[in-house]
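Okay, here's what each chain looks like letter by letter:
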There are 2 protein chains.
Amino acid sequence: MRVVIIGGVATGPKVAARLRRLRQDAEIVIIEQGNLISYGGCGLPLYLGNMVPEMDDLMRTSTGVLRDREYFLKYKGIEVVTATRAERIERDKKRVTLRSLTTGETWSLDYDYLVLATGARPLQPPLPGVGLEGVFPLHHPDDAAAIRQLIRQKQVKNITIIGAGLIGLEVADALSHARVNVTVCESEGQVLPKLLDSDMAPLVAREMEKRHIGLRLGSLVTELEDDGKGRVCGVRSREERWAADLVIVSVGVRPNVHLAEEAGLSLGVAGAIRVDEHLQTDDPYIYAAGDCAEQKHRLTGQPVFIPLASTAAKQGRVIADRLAGLDSSFAGVEGTSVMQAFDLNVGRTGLTEEEAVKAGYDCVALVASGYDSTHYYALHAGIVLKLVAERTSGKLLGAQVCGLGDGIKRLDVLATALSFGATVRDLADLDLGYAPPFATAVDAVIQASYALENKRNGKVHSISARALRELIQAGTGPHVLDVREQDEVDADPLRVPNVIHMPLSRLRETYRDLPVSPGLVTFCGLGIRAYEAACFLQSKVKGDISFMEGGMAVWQAFT
Amino acid sequence: MRVVIIGGVATGPKVAARLRRLRQDAEIVIIEQGNLISYGGCGLPLYLGNMVPEMDDLMRTSTGVLRDREYFLKYKGIEVVTATRAERIERDKKRVTLRSLTTGETWSLDYDYLVLATGARPLQPPLPGVGLEGVFPLHHPDDAAAIRQLIRQKQVKNITIIGAGLIGLEVADALSHARVNVTVCESEGQVLPKLLDSDMAPLVAREMEKRHIGLRLGSLVTELEDDGKGRVCGVRSREERWAADLVIVSVGVRPNVHLAEEAGLSLGVAGAIRVDEHLQTDDPYIYAAGDCAEQKHRLTGQPVFIPLASTAAKQGRVIADRLAGLDSSFAGVEGTSVMQAFDLNVGRTGLTEEEAVKAGYDCVALVASGYDSTHYYALHAGIVLKLVAERTSGKLLGAQVCGLGDGIKRLDVLATALSFGATVRDLADLDLGYAPPFATAVDAVIQASYALENKRNGKVHSISARALRELIQAGTGPHVLDVREQDEVDADPLRVPNVIHMPLSRLRETYRDLPVSPGLVTFCGLGIRAYEAACFLQSKVKGDISFMEGGMAVWQAFT
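The rules behind each value
- Residues numbered from 1 in each chain as written.
- Chains lettered and ligands numbered in written order.
- Predicted model: local features only at pLDDT ≥ 70, side-chain atom pairs only at ≥ 80, totals over all residues.
- Heavy atoms only, no water.
- Disulfide = S-S within 2.5 Å.
- Buried < 20%, exposed > 50% of the residue type's maximum accessible area, 1.4 Å probe, protein only.
- pLDDT = per-residue confidence, 0-100.
- UniProt positions renumbered as here; feature names shortened; annotations may be inferred.
- Helix = DSSP H or I, 4+ residues; strand = E, 2+ residues; numbered from the N terminus.
- Pairing = 2+ DSSP bridges.
- Axes fitted to C-alpha atoms, helices over the stretch in contact; angles between N-to-C directions.
- Contact = heavy atoms within 4.5 Å.
- Buried area = accessible area lost by both parts, 1.4 Å probe.
- Salt bridge = Lys/Arg side-chain N within 4 Å of Asp/Glu carboxyl O.
- Polar contact = N/O pair within 3.5 Å; in protein donor to acceptor, adjacent residues only side chain to side chain.
- Least-squares fit on C-alpha atoms with pLDDT ≥ 70 in both.
- Phe/Tyr/Trp six-rings, centres within 6.5 Å; stacked < 30°, edge-to-face > 60°.
- Parallel < 35°, antiparallel > 145°, perpendicular 65-115°, else oblique.
- Left-handed = near helix turned anticlockwise from the far one by under 90°.
- Expected span 1.5 Å × (residues − 1).
- Nonpolar A, V, L, I, M, F, W, Y, C, P; charged D, E, K, R; others polar.

### Points about the state of the cysteines
And step 1. In total, this model carries 0 disulfides over all chains according to the counting rule given.
And step 2. For Cys 42 of chain A, which is in no disulfide, the shortest distance to another cysteine sulfur is to Cys 292 of chain A and amounts to 16 Å.
And step 3. When its relative accessible area of 29% is taken as the criterion, Cys 42 of chain A is described as partly exposed.
And step 4. We note that Cys 524 of chain B lacks a disulfide partner, and the nearest cysteine sulfur, in Cys 535 of chain B, lies 12 Å from it.

Have a look at this one:
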């Protein structure tokens with residue numbers, strides 16, 4: 001059996017390695033158009049930020065062996081042909097035409113099975129000046145090497161990153177330094193528009209502001225300016241112009257499907273190659289996976305295009321299993337995406353509230369603040385967690401996290417629960433590990449699930465920070481009752497109209513004088529005492545009582 | 001409705017607080033025999049190790065308010081009576097007799113519902129000298145305060161901890177310091193005998209040895225020696241005697257059930273109060289929870305006694321819900337227990353292999369080494385993960401972790417999966433968060449699940465480090481093929497008889513000369529290349545080929 005794999009970065013090597021372990025007799029050939037193979041592309045922002053010292057580190061095994069052609073041949077008995085492009089597939093002949101990018105020579109190679117692992121390429125917006133010197137995507141190691149060299153030569157003062165997606169923000173974090181000005185420009189009205197709801201994204205934006213990263217939201221770049229010598233010197237949007245001597249364009253990727261399309265294979269969502277649960281294309285002898293193929297969303301059952309290295313790795317294994325005759329299939333994705341930037345843990349799994357509403361779910365959501373470990377443990381840090389659930393069934397639909405604390409752990413727990421169709425009630429029953437350095441006795445996930453169940457069952461009403469801000473801005477704000485203690489209020493006052501301060505410790509004596517029309521929203525540091533106050537007041541006072549979710553830990557981002 | 005709660009540390013305040021939020025009109029009284037209430041007992045080892053500066057920190061809310069009687073009254077409308085012991089329950093009259101421990105006065109209190117949250121007390125072994133000065137349990141803040149004072153007065157040179165359980169090791173970690181000698185003494189043949197299998201525990205023991213903590217396993221203490229002035233000065237076991245001026249006895253706890261027993265309530269496993277899923281005792285007006293009550297194990301359905309603060313908190317909520325008329329029940333425990341000591345993440349969920357075998361499961365288990373984040377990320381660290389599954393169904397039965405890396409995150413994922421009856425195959429499909437600082441593209445959990453599935457399906461044979469050591473010690477060892485590169489072998493040679501060195505990079509050329517009788521075990525750094533080598537060899541060579549699980553990362557603990 002000869003298996004030809006087009007693409008040598010992530011999925012391709014994974015298919016090859018697993019197949020080799022299962023079938024020592026298979027002939028396995030990887031065709032890669034570049035010169036580098038099997039590199040950790042996700043580490044490129046870390047390389048820019050010097051958290052990965054050498055580019056080679058991204059291409060070495062954990063024991064330091066360079067994953068080059070020789071490595072694949074000697075360690076795994078896998079042939080890799082680099083600097084060679086697959087030009088055409090003749091499906092009837094089960095043959096692929098190859099062209100050497102060094103000599104121009106072409107030849108063809110027969111296959112029993114073909115695997116398309118052609119990846120994706122960065123989207124290049126049709127922007128005047130996008131081809132200028134000093135304008136880069138960040139996709140290939142060559143891009144990162146060029147950017148780092150430019151910065152090391154100290155020729156860079158003003159960096160603009162176009163696109164506030166996951167990679168854009170990782171790059172902003174990596175390059176943020178006292179010596180340079182970093183500006184991030186995003187056409188949508190929030191950072192991470194594909195990752196977070198608009199009531200979570202400001203938590204990230206606030207952290208960027210603290211680090212003096214210029215953030216231009218809702219700002220469409222119209223032109224990159226030429227300095228007259230073919231180098232970029234500025235960025236123009238509809239409203240303004242600012243200086244830039246390095247521009248990184250990070251507005252997403254597009255699947256590489258030219259070869260598949262020419263061969264008449266069906267394309268699916270986002271123009272990615274359509275595959276079934278076995279990662280088979282229309283052609284039973286051709287598989288596709290990784291960043292060039294669509295995935296099925298486990299929650300909605302709908303095809304999606306969420307290119308990720310972790311997905312590519314799992315898919316590669318499935319293809320190898322199938323080729324070796326094992327019954328294996330790819331379960332799909334939940335849209336789990338995480339990142340570290342500005343010391344924050346940021347991520348989501350499942351659907352955002354906005355996506356869930358769009359998908360037709362009647363949903364209920366809640367933002368909760370908590371800590372990643374006991375507050376008396378010196379190294380604890382905050383987490384903001386948003387849970388989204390179906391209103392009637394209580395089925396978990398998705399979760400988002402943001403905070404300095406270990407939120408990704410909680411996200412992994414939620415991603416796991418999601419894959420089993422968990423309800424929010426199921427989360428409350430989880431027997432998670434508790435010790436003071438690792439969690440609170442009631443873990444942040446469980447605490448949030450309690451709060452969402454209280455809300456879903458109508459035990460208490462709540463309002464999000466964003467909604468409260470909108471009401472206040474519209475001049476129709478309710479009274480806000482700050483139940484924090486005096487020292488907390490002094491340290492960090494709540495600056496809104498109609499604020500009343502009455503510490504929870506005195507509420508039971510003094511609540512009778514409270515104005516409750518047109519409504520009263522309780523407020524505290526994390527939202528927990530505010531909830532407690534709301535529980536008390538709604539039993540004592542007639543009126544529209546609710547608490548603000550997440551407390552000052554969230555509100556800070558909305559002021 | 002008057003609810004009387006006996007016990008004011010963990011479960012009691014939790015019941016009271018939730019019940020207050022649900023029912024503003026309930027009369028809630030907590031009776032506590034001590035002077036302190038609602039303290040974070042799990043933080044006492046951290047206090048000893050100065051990771052919690054002041055004892056009060058364990059009794060304050062996250063905003064710094066001391067959780068004393070006044071706090072419960074003013075913030076929550078809950079009455080707390082301290083220094084008062086509940087002496088007798090008259091179930092027919094629904095009345096409890098109380099005695100003030102300060103004045104000796106007795107009185108009785110009628111209840112509509114009674115909650116027993118009487119906790120547990122440290123087991124005191126019947127040991128000569130156990131009552132000497134300088135001998136302490138570590139259970140109450142007073143114990144910790146006395147120990148810390150003794151150490152601060154610099155009167156302590158030699159500390160012995162009796163019991164290498166979770167708290168014993170947390171204390172050993174907290175007190176290990178260049179200025180003192182710390183010895184841990186355990187009657188069983190391993191550390192953490194209730195937490196880890198015997199093939200995982202040596203990973204912890206090795207770390208203790210690195211820190212110069214004296215470890216005496218299988219060593220039964222027979223006497224604590226008196227210095228003639230009523231102070232402890234030494235410890236004797238059957239075999240030896242050593243100096244000790246501070247002894248901490250940490251050999252487990254026993255539930256406080258005197259009150260329940262006298263009232264004729266049934267006791268269950270380990271003598272703890274028997275309760276149903278609603279945490280109700282035999283008496284429909286009496287609930288019990290926390291460290292004084294048994295729990296149901298979610299996997300086996302059997303009653304167990306695993307006292308933990310996280311369980312107490314969840315149970316407290318369930319009782320409050322029931323008292324408020326809500327339909328709520330306690331799902332049970334999975335035996336999840338975690339700890340941090342010697343910089344290690346250590347923990348388990350579900351059944352250990354030894355427990356699973358004892359419970360009658362036909363099980364298959366595997367130890368896997370990996371990293372908590374990408375190896376090119378500067379801050380990555382190692383994880384050793386053990387998975388236990390039912391052989392035929394592949395159903396996950398339990399997991400254990402140990403390592404400097406973030407293993408507790410993986411354990412929480414596994415605990416979550418376990419609660420949904422996951423199979424090992426389900427784990428392989430998890431869409432966990434991947435970014436280089438948080439995980440590897442194939443997360444350690446998924447990697448381990450792959451490996452266990454390969455083993456379970458008979459694709460490859462493996463042997464644990466412990467089993468290999470036993471074979472070698474018995475003189476019936478197989479040939480061991482070390483497939484690491486020369487530089488790795490030079491840095492950290494494998495010192496066993498019959499070792500052959502042949503790097504994986506040369507194996508495909510040179511395998512023909514290998515001796516395979518009476519068997520060949522491949523070996524590497526983490527077990528991954530050894531697996532790969534075994535896959536290759538078993539297709540090429542007739543003979544009994546297997547790989548050693550976990551590689552040098554595990555083997556180090558067995559030499």
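There's more to say after this.
### Some words on the confidence of the model for chain A
And step 1. The predicted model of chain A has a mean per-residue pLDDT of 96, with 100% of residues at 70 or higher.
And step 2. Two numbers describe this predicted complex: its pTM, 0.97, and its ipTM, 0.97.

### Here we look at the UniProt feature "domain: Rhodanese" (unreviewed entry) in chain A
And step 1. Per the UniProt annotation, the sites labelled "domain: Rhodanese" (unreviewed entry) are residues 474-557 of chain A.
And step 2. Secondary structure content for residues 474-557 of chain A is 36% helix and 18% strand, and the end C-alpha separation is 18 Å.

### Quick notes on the sheet that holds strand β4 (residues 84-90) of chain B
All names here are of chain B.
And step 1. What the 3 strands build is an open sheet, ordered β4-β5-β6; its pairing is antiparallel. Two strands lie at the open edges of the sheet, namely β4 and β6 (106-110), each paired on one side alone. Across the sheet, the mean angle separating the axes of adjacent strands is 30° when strand polarity is ignored.
And step 2. Where strand β5 (residues 95-100) lies against β6, 5 bridges are found, and the strand directions are antiparallel.

### A short note on the interface of chain B and chain A
And step 1. If you look at the interface, chain B gives 92 residues, while chain A gives 92 residues.
And step 2. Summed over both partners, the interface of chain B with chain A buries about 8000 Å², with 58% contributed by carbon and sulfur atoms.
And step 3. The largest contributions to the chain B side of the interface with chain A come from Tyr 75, Tyr 376 and Asp 431 of chain B, which together make up 10% of the buried area.
And step 4. The interface formed by chain B and chain A contains 5 salt bridges.
And step 5. For Lys 409 of chain B, the salt bridge is made with Asp 412 of chain A, and the minimal N-O distance between the two is 3.8 Å.
And step 6. Seen at the junction of chain B and chain A, the total is 29 residue pairs in polar contact (both at pLDDT 80 or more).

### A closer look at the relation of the copies chain B and chain A
And step 1. At an RMSD of 0.0 Å, chain B and chain A line up after a rotation of 180° and a shift of 0.0 Å along the axis. Here the copies are linked by what is in effect a two-fold axis.

### Here we look at the packing of aromatic side chains
And step 1. Counted according to the given criterion, the structure contains 13 aromatic pairs over all chains.
And step 2. On the basis of an interplanar angle of 90° and a centroid distance of 5.1 Å, the ring pair of Tyr 511 of chain A and Phe 536 of chain A is categorised as edge-to-face. Within this pair, whereas Tyr 511 of chain A is found in the loop between α15 (504-510) and β29 (520-523), its partner Phe 536 of chain A is found in helix α16 (residues 528-540), the two being separated by 25 residues in sequence.
And step 3. Since its relative accessible area comes to 4%, Phe 536 of chain A is described here as buried.
And step 4. With 5.7 Å between their ring centres and 45° between their planes, Tyr 113 of chain B and Tyr 285 of chain B make a pair best called tilted.

### Examining the sheet that holds strand β12 (residues 214-217) of chain B
All names here are of chain B.
And step 1. Strand order in the open sheet formed by 5 strands is β9-β16-β10-β11-β12, with parallel pairing between adjacent strands. Only two strands of the sheet have a single partner each, and these edge strands are β9 (135-136) and β12.
And step 2. As paired elements, strand β11 (residues 181-186) and β12 share 4 bridges and run parallel to each other. Bridge pairing links Cys 185 to Arg 216 in β12.

### Thoughts on the side chain of Asn 345 of chain B
And step 1. Here Asn 345 of chain B is to be found in strand β22 (residues 344-350).
And step 2. Under the relative-accessibility criterion, Asn 345 of chain B is labelled buried at 6%.
And step 3. At 3.4 Å, the side chain of Asn 345 of chain B forms a polar contact with the backbone nitrogen of Ile 408 of chain B.
And step 4. Ignoring any residue separated from it by four or fewer positions in sequence, one finds Asn 345 of chain B in contact with Phe 438 of chain A together with Met 339, Val 401, Cys 402, Gly 403, Leu 404, Gly 405, Asp 406, Gly 407 and Ile 408 of chain B.

### Regarding the environment of Lys 314 of chain B
And step 1. You can see Lys 314 of chain B is positioned in helix α8 (residues 309-323).
And step 2. Given the relative accessible area of 8%, Lys 314 of chain B is considered buried.
And step 3. Linking Lys 314 of chain B and Asp 276 of chain B, residues 38 residues apart in sequence, is a C-alpha distance of 15 Å.
And step 4. With sequence-adjacent residues up to four places away left out, Lys 314 of chain B is seen in contact with Ala 428, Asp 429, Leu 430, Asp 431, Leu 432, Ile 446 and Tyr 450 of chain A together with Phe 330 of chain B.

### A word on the packing of helix α10 (residues 407-419) of chain A against helix α10 (residues 407-419) of chain B
And step 1. At a closest axis distance of 9 Å, the pairing of α10 of chain A and α10 of chain B adopts a crossing angle of 20°. Classified by the interaxial angle, the pair formed by α10 of chain A and α10 of chain B is roughly parallel. Handedness of the α10 of chain A/α10 of chain B crossing: right-handed. Across the interface between the two elements, Ile 408, Lys 409, Asp 412, Val 413, Thr 416 and Ala 417 of chain A of α10 of chain A pack against Ile 408, Lys 409, Asp 412, Val 413, Thr 416 and Ala 417 of chain B of α10 of chain B.

### Points about unusual backbone geometry
And step 1. In this chain, Ser 517 of chain A is followed by Pro 518 of chain A through a cis amide linkage whose omega measures 5°.
And step 2. Along the chain, Pro 518 of chain A turns up in the loop between α15 and β29.
And step 3. One non-glycine residue, Leu 192 of chain B, adopts positive backbone phi at about 50°.
And step 4. By secondary structure assignment, the location of Leu 192 of chain B is in the loop between β11 and α6 (201-210).
And step 5. The phi dihedral of Asn 498 of chain B is positive, around 60°, even though this residue is not glycine.
And step 6. Examined against the element boundaries, Asn 498 of chain B turns out to sit in the loop between α14 (486-491) and β28 (499-501).
And step 7. Among the residues examined, Asn 498 of chain B registers a relative accessible area of 42% and is labelled partly exposed.

### Things to note about α10 of chain A
Residue and element names in this part refer to chain A.
And step 1. Along its 13 residues, α10 runs 18 Å from first to last C-alpha, staying within 8% of the 18 Å computed at 1.5 Å per residue.
And step 2. Of all the 13 residues making up α10, 13 are buried; the element is thus mostly covered by neighbouring parts of the structure.
And step 3. Capping of α10 at its N-terminal end is provided by Asp 406; its side-chain oxygen lies 3.2 Å from the backbone amide nitrogen of Lys 409.
And step 4. One or two positions beyond α10, positive phi appears at Gly 421, with a value near 70°.

### Quick look at the packing of helix α1 (residues 11-22) of chain A against helix α8 (residues 309-323) of chain A
All names here are of chain A.
And step 1. Closest axis-to-axis distance for the α1/α8 pair is 8 Å, and the angle between their directions is 40°. The angle between α1 and α8 falls in the class oblique. Between α1 and α8 lies a crossing of right-handed hand. In contact with Thr 11, Lys 14, Val 15, Arg 18, Leu 19 and Leu 22 of α1, α8 contributes Ala 312, Ala 313, Gly 316, Arg 317, Ile 319, Ala 320, Asp 321 and Leu 323.
And step 2. Within the contact of α1 with α8, the residues separate by chemical class into 8 nonpolar, 2 polar and 4 charged.

### Side note on the pattern of salt bridges
And step 1. Scanning the model with the defined rule gives 63 salt bridges over all chains in all.
And step 2. Arg 18 of chain A is the partner of Asp 321 of chain A in a salt bridge, and the nearest nitrogen-oxygen pair spans 2.8 Å. Taken together, the residues Asp 321 of chain A in helix α8 and Arg 18 of chain A in helix α1 connect sequence positions 303 residues apart. Each member of the pair, Asp 321 of chain A together with Arg 18 of chain A, is buried.
And step 3. The partner of Lys 76 of chain A in a salt bridge is Glu 532 of chain B, with the nearest N and O atoms 2.9 Å apart. One end of the pair, Lys 76 of chain A, is in helix α3 (residues 69-76); the other, Glu 532 of chain B, is in helix α16 (residues 528-540), on a second chain.

### So, the side chain of Thr 97 of chain A
And step 1. Summarising the element assignment, Thr 97 of chain A is placed in strand β5 (residues 95-100).
And step 2. If we ignore the near neighbours within four places in the chain, the residues touching Thr 97 of chain A are Arg 85, Ala 86, Glu 87, Arg 88, Glu 90, Trp 107 and Ser 108 of chain A.

### Here we look at the environment of Ser 250 of chain B
Residue and element names in this part refer to chain B.
And step 1. On the secondary structure map, Ser 250 appears in the loop between β16 (246-249) and β17 (253-255).
And step 2. For Ser 250, a relative accessible area of 15% translates into the label buried.
And step 3. Along the primary structure Ser 250 and Ala 428 are separated by 178 residues, whereas in three dimensions their C-alpha atoms are 39 Å apart.
And step 4. Discounting chain neighbours no more than four positions away, the residues touching Ser 250 are Ile 162, Gly 163, Ile 167 and Gly 168.
And step 5. At 3.4 Å, the side chain of Ser 250 and the backbone nitrogen of Gly 168 are in polar contact.

### A word on the pairing of β5 of chain A
Across a regular strand the side chains alternate sides, sitting on one face of the sheet and then on the other.
Residues and elements named next belong to chain A.
And step 1. The pairing of strand β4 (residues 84-90) with β5 spans 6 bridges and is antiparallel. Bridging from a neighbouring strand, Thr 84 pairs with Ser 100 of β5.
And step 2. Hairpin remark: β4 followed by β5, antiparallel, with 4 residues in the connecting loop; positive phi at Lys 94, about 50°.
And step 3. In this antiparallel pair of consecutive strands, β5 and strand β6 (residues 106-110), the connection spans 5 residues, and Gly 104 shows a positive phi of 80°.

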